[in-house]
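Next come the chains, spelled out residue by residue.
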Amino acid sequence: MFQLAPNHQDDIVRTAKIRFTFDGESFLAHEGETLAAALMRAKLLHIRDAPGDESPRGVFCCMGLCQECVVQVDGKTIESCRLSVSPDLHVTSLRRQLDT
Amino acid sequence: MITDTDIAVIGAGPAGCNAALLAAEYDFSVVMLDEQVSPGGQVWRAKSPAILSAPETPESVAGESVRNAISQSNVTHLGGVRVWHIERSEDAFVIHYENAGVSISLSCRCLVIATGARETIQPIPGWTLPGVVGMAGATSIFKQDLIPIGSKMVVSGTGPLVFFVAAEQQRLGGEVAAIVTSNTLLDWIKALPAMLLRPGLLFRGLRWITAMYVNRIPIYWGHTVTRVEGESSVSRVEFKKISKDWTPQGQPRFIECDCVSLGSGLISAFESFQLAGISLEHNSDLGGWIPKQEQDGRTNVGGCFICGDGAGIRGSLAAETHGKLAGLSAVAFLGAKINHSIVKLRREYTRAASFGEAMSKLSIPRPGLTKLTTAKTVVCRCEGITRAEIEDEMNLGAQSTISVKSGVRAGMGPCGGKFCQTAITDLIAKTKSCPVSQIAPPTARPPLRPISVNTLAGDFDYSDLPISKPSPL
Amino acid sequence: MGCASALQMAEGGMKSIVLDQGDLGQGASGVNAGTLSLQIKRVKLMPYAIRGHQEWESMGDAVGFRKTGGYTLAFTDHEAELLHERMSLKAEAGAPIEFVSNSALREAEPNLADQVVAASYCAEDGYANSSLTGQFYRARLKQQGVQYREGFKLLGVEAGNDGYVIRSANTTVSARKLLFSAGAWLKSLTALMGVELPVQARVNTVSVTERLPMLTRSVIGHATGLLTMKQKANGTLLIGGGWQGRGTPEQGRGQVDTDSLRSNLALARHALPAAENARILRSWTGFEAHVPDFYPLAGKLPGYEDVFVLGCVRGGYTIGPYIGKLMGDYILERTTELPLFNPGRSFPEVVV
């Protein structure tokens, strides 16, 4: 049947879910998806605080340019929109005050 | 100089892929470098490895087709690498790129730059809140990760992209609270003749809009979101009607939502062109500052060719043929006898470009939109610099993008001015009462993306350092 | 330097106008690493450098001045010898430089490399924010009522009725006296007056990282002078040391040379290993002019009584505001506090 605006949500097959941690808290993500997407699914939008005014920031340009979604993994700074979630991924945020 | 490859192509979108494929047909060695793991660029961005199967879309089909073509060709595709510097010498270019934390150089006789576009977003109060994403950015998440953004999205912006973002959000199971678009229905009717050049796309667009009406999703034509509200993420937006020149006016109204997608057109990602030594010129119809260019992607730098949206915003269809033409220019430069019909390609390009330029015209912000940026609005997101701070600096005498950057650090943060320079240029032009075309962007400086000290320094033993004799006492 | 001279002339009652091809303070003075270190100044220029430090200190916050103290490090025995020899001479010339023990260094700067063999310290050292040079002088000129024109591309200079007529594409300026203080662009300007000066330009590389947690509080240098490094109050780490890029002033801005950049950053990482994961946001080059004897040009242009030249000051950022003042005094026909450097002197043959 012709659908004007199909909903494909249920027709997408994804890899199995794995665990990763973000500031010590455990989350589920499909292996191989971007950290940006995994955090969006977890409704965790506040990824970082800006230096200076310390205002909350999150994924913005989604293509590795704006540097708003950067996190740290093993001491290295990386954009969450360019980082694939893999098993044993432990992410440290650049938030000043961690949400309690 | 003996080079690593004959031709290097930077960017694997529609332009870069087509340039590389055509050049490879002439038996030259071609290396194509791209920031994404798989070819496709922003418009044909590949699905993440987390997606095992998914329904096709026109973008995924076109993307798969070009990815297959690249993998079956002799083009060497370097995916997931980031070019950070371009050095030029008499008869060659050296490209420096990062691959998995290591900096590698690649020399080439001929360089094709197809770095595409990035979006421009007029700064508004609250645009730094988590939950605000660019419109092109949203499509990138949709294409790569196939998830909706937030649970209830407001899409606000210019041009055709608003409808694509809204349609994709719904297709992937998200909700759209409203579409707020600066364009009026009349703007679209005026663009009809150009759209009839691409009836397929016209039909697709009409289907999206009809679906919105059927699903009772409000479309506010001739409106714009003027403010985003929320504590640590988006809770609602304020929007207003806009005048003919897009000045917001009238009573504010509000829409509850948890995410907002904003966009006011695309601009050339021109920094690579600057590093390669190509001068820029201003063309407001093609997105502002673009590289100076001649026919078929030739430039004032011998051996360096450009194509796609980076050369001026004309859309992906034009980018494909522009890429082919630039690829042919490159092989001709290297001495090949051309056996493709350039005349036919040029005709195809002109046709595609006129459609793309009509779409650009709908997307290019009109002057009134700059009034969205209030005095207290953060303009430079990285450094948290407001419009008032930038204006104070201009009142102290700063008259150029370089002096504003030096004085208040606007554009000195990690993004390198990619998301504030357009707004800053507008502010300077307004203060000086001169056209934007007289306010040149700052000098581009490497690295093109932030790169770590370890990557740039590499494996260096202290005894290997070329320590020269000390300076005179 | 030109701005400092103009301000001094204004103080002495002489009217002047400052002309710049680009924006004020965007030549070498706006793009260098901002290091104010007596440890990297030439022995003979030490009195000028000490007074230069005082000038910067008086400008204070408006130029981002910080007196942090500075360490110069030696990583090998050879470098330690070099450090002792050079710093002793500089200390004799009046710089308050002392040698410090490894434990004192470690206490003050725990993140520095373990491999330090010897180190010297100067409490007078620090930095200013070179990006603010233009903003500072623009405000000072306005305040003193000195006119300035930015974006003034000089096309020619002709003799006028009473002095000179300076021509750009769309305007002319008349003046009785001229001062050329255009840094690396001096050579082409004085050539317009028929004088060939043996000015050469070094193309110095500078890089800056994103904001980092505080790793170091002092200005850090290397015995050979090939490293300057300081972390600004905002957390960014600025790395220089005179590693050479490519290009000439006549071609516009220089280009970053990746081999130089690699060595510069490797040396920085060697000194401060904790910076290894810091991301570099920008690298750039600035032209530093010099003549074969590496002493300033400061005085009358040979063959002219009313044309002056000021530049090629080794350590020009530090000394600039002071020697600019001296130049202003000289043009005002006052006695200068310290002697200037005759541009008409004979130079040694240039050895390439």
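(A) Layout of the domain arrangement of chain B. All names here are of chain B. Examined at the domain level, chain B breaks down into domain 1 (5–118 + 267–361), domain 2 (126–264) and domain 3 (375–438). Domain 1 and domain 2 are separated by 29 Å when their C-alpha centres are compared. Across the boundary between the two partners, domain 1 contributes 17 residues, which contact 15 residues of domain 2. Roughly 1,600 Å² of surface becomes buried between domain 1 and domain 2 when both sides are summed, with 63% attributable to carbon and sulfur atoms.

(B) Examining the sheet that holds strand β15 (residues 248–256) of chain B more closely. All names here are of chain B. Taking strand neighbours across the sheet as the criterion, the 3 strands line up as β13-β14-β15 in an open arrangement whose pairing is antiparallel. Two strands bound the open sheet, and with one partner strand each, they are β13 (223–229) and β15. If you compare each strand with its neighbour and ignore which way they point, the axes differ by 30° on average. In terms of strand pairing, β13 meets strand β14 (residues 236–242) through 6 bridges, oriented antiparallel. Along β14, the bridge assignment pairs Val225 with Phe239.

(C) Broad picture of the sheet that holds strand β8 (residues 90–91) of chain A. Residue and element names in this part refer to chain A. Judged by pairing direction, the sheet is mixed, and its 3 strands sit side by side in the order β3-β2-β8 without closing on themselves. Taken across any chain shown, the strands that pair with only one partner, and hence form the sheet edges, are β3 (25–30) and β8. Looking at chain direction, strand β2 (residues 17–22) and β3 are connected through 6 bridges and run antiparallel. Its bridge partner lying in β3, Phe20 is registered against Phe27.

(D) Highlighting a nonpolar patch on the surface. Residues B:Leu185, B:Leu186, B:Ile189, B:Leu192 and B:Leu196 make up a contiguous nonpolar surface patch of roughly 470 Å² in combined accessible area. The topology assignment puts B:Leu185 in helix α5 (residues 185–195).

(E) Region of the structure containing the packing of aromatic side chains. Residue and element names in this part refer to chain C. Per the stated rule, a full pass over the model turns up 17 aromatic pairs over all chains. Their ring planes at 40° and their centres at 4.7 Å tell us that Tyr71 and Tyr121 sit as a pair that is tilted. Of this pair, Tyr71 sits in strand β3 (residues 70–74) while Tyr121 sits in strand β5 (residues 118–122); the two residues are 50 residues apart in sequence, bridging distant segments of the chain. Summarising the burial analysis for this pair, Tyr71 and Tyr121 share the class buried.

(F) Spotlight on the pairing of strand β17 (residues 297–300) of chain C. Residue and element names in this part refer to chain C. Sheet topology note: the β17/strand β18 (residues 307–311) ladder contains 4 bridges and is antiparallel. Residue pairing in the sheet places Lys300 in a bridge with Phe308 of β18. In this antiparallel pair of consecutive strands, β17 and β18, the connection spans 6 residues, and Gly303 shows a positive phi of 90°.

(G) Quick look at helix α8 (residues 315–333) of chain B. Residues and elements named next belong to chain B. Under the 1.5 Å per step criterion, the end-to-end length of α8 is 26 Å for 19 residues, consistent within 8% with the ideal 27 Å. Buried within α8 are the following residues: Ala318, Ala319, Thr321, His322, Gly323, Leu325, Ala326, Gly327, Leu328, Ser329, Ala330 and Val331. Of the surrounding elements, those touching the buried residues of α8 are β1 (5–10), α1 (14–25), β7 (102–113), β20 (304–306) and α9 (342–363). Where α8 terminates, the next one or two residues include Gly335, which has phi positive at roughly 100°.

(H) Expanded view of the nonpolar core. Membership of the largest hydrophobic core comes to 60 residues, with the highest contact counts inside it found for A:Phe20, A:Phe22, A:Leu35, B:Ile149 and B:Phe163. Summarising the domain contributions, this core has at least three residues from each of domain 1 (5–118 + 267–361) and domain 2 (126–264) of chain B. If we skip the residues at most four places from it in the chain, A:Phe20 touches A:Glu25, A:Ser26, A:Phe27, A:Leu28, A:Ala29, A:Leu35, A:Ala38, A:Leu39, A:Val85 and A:Leu89. Judged by nonpolar contacts, the second largest core, of 49 residues, contains A:Cys61, B:Val225, B:Leu369 and B:Phe419.

(I) Just the interface of chain C and chain B, in detail. Between chain C and chain B, the residue contacts involve 55 residues of the former and 47 residues of the latter. Between chain C and chain B, the buried area comes to about 4,400 Å², and carbon and sulfur atoms account for 54% of it. In this assembly, chain C and chain B are joined by 2 salt bridges. Linking chain C to chain B there are 19 residue pairs in polar contact (both at pLDDT 80 or more). Looking at the side of chain C that touches chain B, the elements that each hand over two or more residues are α4 (77–92), α6 (133–143), α8 (258–271) and β16 (279–290) of chain C. Grouping the amino acids of the side of chain C that touches chain B by side-chain chemistry returns 21 nonpolar, 14 polar and 20 charged. Bridge analysis of strand β23 (residues 451–452) of chain B against β16(C) gives 2 bridges, and the strand direction is antiparallel. Following the sheet pairing, B:Ile451 is matched in β16(C) by C:Ile280.

(J) Structural view of the side chain of C:Arg138. Turning to its location among the elements, C:Arg138 is positioned in helix α6. Since its relative accessible area comes to 2%, C:Arg138 is described here as buried. A distance of 3.1 Å separates a polar atom in the side chain of C:Arg138 from a polar atom in the side chain of C:Glu150. If sequence neighbours within four positions are ignored, C:Arg138 has contacts with B:Glu393, B:Leu396, B:Gly397, B:Ala398, B:Ser403, C:Asp23, C:Leu24, C:Tyr148 and C:Glu150.

(K) Summary view of the state of the cysteines. Within the structure shown, the criterion is met by 0 disulfides over all chains. For the unlinked cysteine A:Cys66, the closest cysteine sulfur is that of A:Cys61, found at 3.8 Å. Judged by relative accessible area, which is 5%, A:Cys66 ranks as buried. Free cysteine B:Cys380: the closest other cysteine sulfur is in B:Cys420, separated by 4.4 Å.

(L) Here's a closer look at the pairing of strand β19 (residues 288–291) of chain B. Residues and elements named next belong to chain B. By the bridge criterion, 4 bridges tie strand β18 (residues 280–283) to β19 in an arrangement that is antiparallel. Along β19, the bridge assignment pairs Glu281 with Ile290. Linking β18 to β19, which pair antiparallel, is a turn of 4 residues; within it Gly287 sits at a positive phi near 100°.

Conventions and cut-offs
- Residues numbered from 1 in each chain as written.
- Chains lettered and ligands numbered in written order.
- Predicted model: local features only at pLDDT ≥ 70, side-chain atom pairs only at ≥ 80, totals over all residues.
- Heavy atoms only, no water.
- Domains from an automatic or database assignment.
- Contact = heavy atoms within 4.5 Å.
- Buried area = accessible area lost by both parts, 1.4 Å probe.
- Pairing = 2+ DSSP bridges.
- Helix = DSSP H or I, 4+ residues; strand = E, 2+ residues; numbered from the N terminus.
- Axes fitted to C-alpha atoms, helices over the stretch in contact; angles between N-to-C directions.
- Patch = residues over 30% accessible without salt bridge, like charges linked within 9 Å, V, L, I, M, F, W, Y side chains within 5 Å.
- Areas by Shrake-Rupley, 256 points an atom, 1.4 Å probe, with all protein chains shown as cover.
- Salt bridge = Lys/Arg side-chain N within 4 Å of Asp/Glu carboxyl O.
- Phe/Tyr/Trp six-rings, centres within 6.5 Å; stacked < 30°, edge-to-face > 60°.
- Buried < 20%, exposed > 50% of the residue type's maximum accessible area, 1.4 Å probe, protein only.
- Expected span 1.5 Å × (residues − 1).
- Core = buried A, V, L, I, M, F, W, Y, C linked by side-chain atoms within 4.5 Å.
- Polar contact = N/O pair within 3.5 Å; in protein donor to acceptor, adjacent residues only side chain to side chain.
- Nonpolar A, V, L, I, M, F, W, Y, C, P; charged D, E, K, R; others polar.
- Disulfide = S-S within 2.5 Å.

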